[in-house]
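Architecture at a glance
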Amino acid sequence: MDPFDAGAGGLLKQPKSVWATAGASVVAFMGIGLVDPILPSIAQGLHATASQVSLLFTSYFLITAVAMLVTGFVSSRIGGRKTLLLGLAFVVVFAGLAGTSGSVGELVGFRAGWGLGNALFVSTALAVIVGAAAGGSAAAILLYESALGLGMACGPLLGALLGDASWRYPFFGTAFLMAVGFLCIAVFLKEQPKPARRTSLLDPVKALGHGGLASAAVSAFFYNYTFFTVLAFTPFVLNMSPYRSGAVFFAWGVLLAVFSVIVAPRLQKRFGSLKVLGGSLVLLAADVLVLGYGDHTTAVVCTILSGAFIGVNNTVYTELALGVSDAPRPVASAGYNFVRWFAAAAAPYFAPKIEEWTDIHIPFVVAAVTAVVGALVVVVRRKALTHETEELEPKHATEDSVAVFAN
């Protein structure tokens with residue numbers, strides 16, 4: 001189903017609570033790519049190496065991965081509104097503290113606290129938007145996906161604009177914007193009914209006992225290593241000013257958003273989910289390999305182009321994870337994200353280390369190999385990755401499109 005076919009008429013006719021949550025979601029997703037353009041500036045300002053600064057991603061996503069086991073447990077007990085506010089409060093505090101860091105160790109630690117807050121927020125935001133939206137879930141999901149794409153595109157741009165003056169300003173800016181989001185949600189969003197059944201800490205792990213969900217998670221693990229090699233390591237390779245790097249990753253984010261929301265559903269409808277995913281992973285591998293061995297202009301073009309393949313992969317992986325098993329969607333998403341986010345934590349650490357051990361090309365060779373391994377898992381486990389022996393038909397990115405970032 002094309003996400004723009006249904007419910008779009010009601011997209012702009014949403015209550016203030018929905019707009020408040022969607023606005024905060026934009027800022028939450030901006031926080032992921034915010035540091036991209038300023039990584040070299042942070043390294044210079046704190047006298048740190050590339051591998052040390054890349055730990056900003058590692059600490060963030062390592063905590064995010066572990067938090068996937070906690071978010072459902074928390075929200076099913078205290079409710080969606082309180083979970084959102086708790087997550088936003090963590091982000092405001094730790095993003096602000098990050099801007100005051102005197103060492104790379106402090107900054108990495110504050111990013112970890114930021115990751116916990118973001119996990120609590122983004123894992124709950126879509127369910128809250130769907131519950132509070134007018135006109136059915138289709139318009140709400142489209143609004144959320146638009147917020148996700150806008151945040152991913154604008155994060156590097158904001159990082160560049162503020163970071164050109166000082167690498168500290170993007171952190172302060174994020175804290176301010178999230179504080180505004182906190183106030184808007186506190187004022188406009190009423191508490192929603194709690195789930196009928198409380199989620200336990202082990203439910204997401206138990207859900208991984210399903211072969212299809214486990215296969216999707218393993219394939220996504222290898223894919224995420226490739227994804228976050230591009231996101232966290234490429235800024236050091238491009239070695240551009242914050243403005244130029246921000247422009248590159250803004251274009252990357254635009255392609256990611258367009259291909260995730262518009263192009264991927266159309267490709268799935270024509271070719272089927274597994275064929276689209278396998279082909280996109282192979283093309284991503286080729287793109288990353290050329291990125292690693294090309295000249296500077298080629299590297300810029302391939303970085304931007306990777307956003308298209310990443311957008312397609314994010315959407316298809318989300319739908320596979322949410323539709324391949326009979327586990328409740330929030331539980332399936334939590335188990336799936338628990339596995340794959342570990343790769344997002346590993347890639348930013350290992351890519352610069354591999355460069356130190358070898359040369360600047362090899363991290364991209366490794367990233368290309370992991371993308372191909374992800375595709376091989378899809379091929380080898382294609383029967384397990386289908387529901388009732390038929391390949392998944394494309395669906396709306398329902399109740400957990402959060403798997404996109406949360407996928």
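Everything here concerns the structure above.
**Topic: a nonpolar patch on the surface**
On the surface, Val-70, Leu-201, Leu-202 and Val-205 cluster together into a nonpolar patch covering about 300 Å² of accessible area. Examined against the element boundaries, Val-205 turns out to sit in helix α9 (residues 203-207).

**Re the environment of Phe-236**
Along the polypeptide, Phe-236 turns up in helix α10 (residues 211-238). Put simply, Phe-236 and Pro-37 are 199 residues apart on the chain and 9.3 Å apart in space, counted from C-alpha to C-alpha. Other than its neighbours up to four places away in sequence, Phe-236 contacts Leu-39, Pro-40, Ala-50, Val-53 and Ser-54.

**Section: the nonpolar core**
Soluble globular proteins tend to bury their nonpolar side chains together. Ranked by size, the top nonpolar core spans 111 residues in total, and within it Ile-42, Val-53, Phe-61, Phe-121, Phe-171, Ile-185 and Trp-252 carry the most contacts. Beyond its immediate chain neighbours, meaning those up to four positions away, Ile-185 contacts Ala-20, Thr-21, Ala-24, Arg-81, Leu-84, Leu-85, Leu-88 and Phe-121.

**Structural notes on helix α4 (residues 55-78)**
In a regular helix each residue adds 1.5 Å, so 24 residues correspond to 34 Å; α4 covers 32 Å between its end C-alpha atoms and thus fits that length. Its axis deflected by about 45° at Ala-67, α4 carries its strongest bend there. At the C-terminal side of α4, Gly-79 shows a positive phi close to 95°.

**As for the packing of helix α14 (residues 329-357) against helix α15 (residues 362-380)**
Between α14 and α15, the shortest axis-to-axis distance is 8 Å and the interhelical angle comes to 130°. It follows from the interaxial angle that α14 and α15 lie oblique. In this structure, α14 contributes Ala-351, Ile-354 and Glu-355 to the contact, and α15 contributes Ile-362, Pro-363 and Val-366. Here the contact of α14 with α15 is built from residues that sort into five nonpolar, no polar and one charged.

Cut-offs and rules
Note on numbering: residues in each chain are counted from 1, in written sequence order. Confidence filtering applies because this is a predicted model: local features only for residues at pLDDT of at least 70, side-chain atom pairs given and counted only at 80 or more, and all residues used for totals across whole chains, interfaces and linings. Side-chain measures here rest on the full set of heavy atoms in the structure, leaving out hydrogens and waters. By definition, no residue in a patch forms a salt bridge, and every one has over 30% relative accessible area; like charges are joined within 9 Å, nonpolar side chains (Val, Leu, Ile, Met, Phe, Trp, Tyr) within 5 Å. Each accessible area is a Shrake-Rupley estimate made with a 1.4 Å probe; only the visible protein chains count as cover when residues are assessed. Salt bridge, as applied in this entry: a Lys or Arg side-chain nitrogen positioned within 4 Å of an Asp or Glu carboxyl oxygen. Helix numbers and strand numbers start at the N terminus; a helix is a DSSP run of H or I with at least 4 residues, a strand a run of E with at least 2. Contacts are assigned to residue pairs with any non-hydrogen atoms lying within 4.5 Å of each other. Nonpolar core, defined: a set of buried Ala, Val, Leu, Ile, Met, Phe, Trp, Tyr and Cys residues in which side-chain atoms within 4.5 Å join the residues together. The classification of residues rests on relative accessible area computed with a 1.4 Å probe and restricted to protein chains. Under 20% of the type maximum is buried, over 50% is exposed, and intermediate values are partly exposed. One fewer than the residue count of a helix, multiplied by 1.5 Å, yields its expected span. Here the bend at a residue means the angle between the axes of two seven-residue stretches, the one that ends at it and the one that starts at it. Only the contacting stretch of a helix is used when fitting its axis, a line to C-alpha atoms as for every element, and angles between N-to-C directions run 0 to 180 degrees. These descriptions rest on fixed angle ranges, namely under 35 degrees for roughly parallel, over 145 for roughly antiparallel, 65 to 115 for roughly perpendicular, and the rest for oblique. Only Asp, Glu, Lys and Arg are considered charged in this grouping, and only Ala, Val, Leu, Ile, Met, Phe, Trp, Tyr, Cys and Pro are considered nonpolar; every other residue, Gly among them, is considered polar.

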